[in-house]
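Chain by chain, the residues:
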Amino acid sequence: MTRGNIFKGLFLFSIPLILSGIFQQSYNLVDAVIVGNLVGQAALGAISVTVTVSNLFICIIMGFTVGITILISQYYGARNFKAITKTAGNFVILLVVLSIILSFLGVLFTSRILMVLNTPTDILKQAEAYLSIIFVGIPFLTIYNVYGAMLRGIGDSRTPLYAIIVSILTNCILALVFVGLFHMGVVGAGIATVLAQAVSSMYLIIYVYKKYDILRFKFRRDTFDLPIIKEGLKLGLPIVIQSSTMSLGGLLLQNVMNSFGTQTVVAVTTAYRIDNMGILPMINVASAISIFVAQNKGAGNLERAELGLKKGIMIILPISIITTIAVAFGGLTFIHMFGVSNNVALMGQQLLLCCALFYPVFGIQNAYIGFLQGTGDVGVPAVSNIVSMILRIVLSYALASLVGFRIIAYSEMASWVLGAIICYIRFKSRRWVV
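Residues numbered from 1 in each chain as written. Predicted model: local features only at pLDDT ≥ 70, side-chain atom pairs only at ≥ 80, totals over all residues. Heavy atoms only, no water.

Chemist: An account of the packing of aromatic side chains is requested, with residue identities and associated values reported.
Modeler: Applying the stated rule across the entire model yields nine aromatic pairs. Each member of the aromatic cluster is reached from another via a ring pair, and the members are Tyr368, Phe371, Tyr424 and Phe427. Sitting over the ring of Tyr76, Arg79 keeps its end group 4.9 Å from the ring centre. (Phe/Tyr/Trp six-rings, centres within 6.5 Å; stacked < 30°, edge-to-face > 60°. Lys NZ or Arg CZ within 6 Å of the ring centre and 35° of its normal.)

See below:
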């Protein structure tokens, strides 16, 4: 990251990140495809309405892992290996404990959360059964993401990819057995997902302890290092607040969506599954930019860090255009893969097309977010995303009765434009130079 051809280095580092992101997103996607085709549209709707809820809990953990990646990348660029070991020990313990607490709270309040969100009554019981199982798996998902974040911070983006491939294969096989052979419905799909997440987390733990001394730590009294914890929280908390706020905003948007009925819920959430897969490559390239910038900042080379942003945009823009074309022309086919009706598929296609047209804007926005986060300037990207989410919520609630379910897409496009403008202004101000 700190020497050699910038474009080539970023591109090669991004490929495993992109594939890892796609495969990790496939956990719920696999469940949805199998359940939608083998059980029915109501079961698909039950799984669909749980995504936003589970993401709220997952995003809290993920926010911290972004901070860990930035911190370890900066230490790695500065060749401060002792600090890397301490960071690993402190945050593995801290986040695993936090994930267990979140898992317990999630299971405890599953029913109440779904009822508050006005989940359609015909899918409520199935949604509750699936979501409670997914909450049980949060600690496993946390372990995978923490160890994956540390590995990416030191420049290893391939190992998390291998782990997630093994996990996805496990999930596919188990889901087909539990749902198709044993007819366990959404419960079987949830159990398959949690077991697959356990496999990926154990894979990374074993690999790290065999391969990387700098990420290996022992549980001792002196394991905890308050300055490192403070530094990690300084980088992670703004992202946690941002992620949590956006997830809460997602719940409010889910409430708007649920008011249109089960058919619309299935259409919109199915479209968003494809949309999320479409934007993932851009998000993952932005993560590569963040790690590149953090390592070069740690090495004291801000000029190379800025060049990394320019080369990163050169990677993101073609990806965003290709994705726009693929989603615009293949959206209907992708949606039909979930076993939905023609009417539902056509509704989902309308939403997908609206979002796809603005993928280049989304890509550029995330490139600047990645750069700013890599420099340690995590506050402004967080504020940008929060303000953008507020705009989405206001537009959705104000115009839902006039525009219908399409307002969910229109408001998201407006939020991308606003977020891109805020982050670009921050970059040009050069206040991130410290």
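Chemist: Could you give an account of the pattern of salt bridges, naming the residues involved and the relevant values?
Modeler: If you walk through the whole model with that rule in mind, you get four salt bridges. As a salt-bridge pair, Asp377 and Arg426 come within 2.7 Å of each other at their nearest N and O atoms. Within this pair, whereas Asp377 is found in the loop between α13 (359-374) and α14 (379-403), its partner Arg426 is found in helix α15 (residues 407-429), the two being separated by 49 residues in sequence. We note that Asp377, like Arg426, is buried. Where Glu412 meets Arg392, a salt bridge forms, and the shortest distance between an N and an O atom there is 4.0 Å. Within this pair, whereas Glu412 is found in helix α15, its partner Arg392 is found in helix α14, the two being separated by 20 residues in sequence. Exposure remark for Arg392: the relative accessible area of 12% places this residue in the buried category. (Salt bridge = Lys/Arg side-chain N within 4 Å of Asp/Glu carboxyl O. Helix = DSSP H or I, 4+ residues; strand = E, 2+ residues; numbered from the N terminus. Buried < 20%, exposed > 50% of the residue type's maximum accessible area, 1.4 Å probe, protein only.)

Chemist: Go over the environment of Ile364, please, and point to the residues and values.
Modeler: Here Ile364 lies in helix α13. Along the backbone, Ile364 and Ile408 are 44 residues apart, and their C-alpha atoms lie at a distance of 21 Å.

Chemist: An account of the packing of α14 against α15 is needed here, citing residue identities and associated values.
Modeler: At their nearest, the axes of α14 and α15 sit 8 Å apart, and the two run at 155° to each other. Relative to α15, the element α14 is oriented roughly antiparallel. Crossing hand, α14 versus α15: right-handed. Side by side, α14 and α15 meet where Val380, Pro381, Ser384, Val387, Ser388, Leu391, Arg392, Leu395, Ser396, Leu399, Ala400 and Val403 of the first sit next to Ile407, Ile408, Tyr410, Ser411, Glu412, Ala414, Ser415, Leu418, Gly419, Ile422, Cys423 and Arg426 of the second. (Axes fitted to C-alpha atoms, helices over the stretch in contact; angles between N-to-C directions. Parallel < 35°, antiparallel > 145°, perpendicular 65-115°, else oblique. Left-handed = near helix turned anticlockwise from the far one by under 90°. Contact = heavy atoms within 4.5 Å.)

Chemist: So, the nonpolar core: which residues are in play, and what are the values?
Modeler: In this structure, Val340, Leu351, Tyr359 and Phe371 are the most contacted members of the largest nonpolar core, which totals 60 residues. Listing elements by their share of this core, those giving two or more residues are α1 (6-38), α10 (262-298), α11 (302-336), α12 (342-356), α13 and α15. By residue number, the principal contributor to this core is α10, which donates 16 residues. In this structure, Ala46, Ile93, Leu102 and Val208 belong to the second largest nonpolar core, which totals 53 residues. (Core = buried A, V, L, I, M, F, W, Y, C linked by side-chain atoms within 4.5 Å.)

Chemist: Account for the layout of surface pockets, with residues named and values stated.
Modeler: Taken as a whole, the largest pocket spans an internal volume of roughly 340 Å³. Taken together, 15 residues make up the lining of the largest pocket; nearest its centre are Leu29, Ile274, Met277, Gly278 and Phe334. Of all elements in the fold, only α1, α10 and α11 reach the threshold of two or more residues within the lining of the largest pocket. The biggest single contributor to the lining of the largest pocket is α11, with five residues. Its residues placed into classes, the lining of the largest pocket shows 13 nonpolar, two polar and no charged. (1 Å grid on protein atoms, 1.4 Å probe; cavity = no way out; pocket = protein on both sides within 12 Å on 5 of 7 lines; lining within 4 Å. Points joined across faces, edges and corners; volume = space filled by probe spheres on them. Nonpolar A, V, L, I, M, F, W, Y, C, P; charged D, E, K, R; others polar.)

Chemist: Give a description of the state of the cysteines that names residues and reports values.
Modeler: Going through the model one piece at a time under the given rule, you end up with zero disulfides. Not engaged in a disulfide, the cysteine Cys354 finds its nearest cysteine sulfur in Cys355; these two sulfurs lie 6.7 Å apart. The class of Cys354 is buried, set by a relative accessible area of 14%. (Disulfide = S-S within 2.5 Å.)

Chemist: How would you summarise empty space enclosed by the protein if you had to cite specific residues and measurements?
Modeler: Tallied over the entire structure, the rule returns two cavities of 30 Å³ or more. The calculated volume of the second largest cavity comes to roughly 40 Å³. Taken together, Ile58, Ile61, Ile138, Leu141, Thr142 and Asn145 make up the lining of the second largest cavity. Elements supplying a minimum of two residues to the lining of the second largest cavity: α3 (51-77) and α6 (138-153).

Chemist: An account of the side chain of Asn284 is needed here, citing residue identities and associated values.
Modeler: Mapped onto the elements, Asn284 comes out in helix α10. Ignoring any residue separated from it by four or fewer positions in sequence, one finds Asn284 in contact with Leu17, Ile18 and Gly21.

Chemist: How would you summarise unusual backbone geometry if you had to cite specific residues and measurements?
Modeler: The backbone phi angle of Arg79 is positive, close to 60°, even though this residue is not glycine. The exposure class assigned to Arg79 is partly exposed, which follows from its relative accessible area of 42%. Phi is positive for Arg430, which is not a glycine, with a value near 60°. Along the polypeptide, Arg430 turns up in the segment after α15.

Chemist: Go over the packing of helix α2 (residues 41-48) against helix α5 (residues 124-136), please, and point to the residues and values.
Modeler: Look at α2 against α5: their axes get within 8 Å of each other, and the N-to-C directions meet at 50°. In terms of orientation, α2 lies oblique with respect to α5. Between α2 and α5 the crossing geometry is right-handed. Residue-level contacts link Ala42, Ala43, Ala46 and Ile47 of α2 to Gln126, Ala127 and Tyr130 of α5. When grouped by side-chain class, the residues that make up the contact of α2 with α5 number six nonpolar, one polar and no charged.

Chemist: Explain α13 to me, using residue names and the numbers behind them.
Modeler: The terminal C-alpha atoms of α13 lie 22 Å apart, and with 16 residues this matches the ideal 22 Å at 1.5 Å per residue to within 8%. Taking burial as the measure, the 16 residues of α13 include 13 buried ones, the bulk of the element. (Expected span 1.5 Å × (residues − 1).)

Chemist: Which residues make up a nonpolar patch on the surface, and what are the values?
Modeler: There is a patch of nonpolar side chains on the surface, built from Phe7, Phe11, Leu12, Ile15, Leu19 and Met314 and spanning about 510 Å² of accessible area. For the nonpolar patch, the element with the highest residue contribution is α1, accounting for five residues. Among the structural elements, Leu12 can be located in helix α1. Residue classification places Leu12 among the partly exposed residues on the basis of a relative accessible area of 49%. (Patch = residues over 30% accessible without salt bridge, like charges linked within 9 Å, V, L, I, M, F, W, Y side chains within 5 Å. Areas by Shrake-Rupley, 256 points an atom, 1.4 Å probe, with all protein chains shown as cover.)

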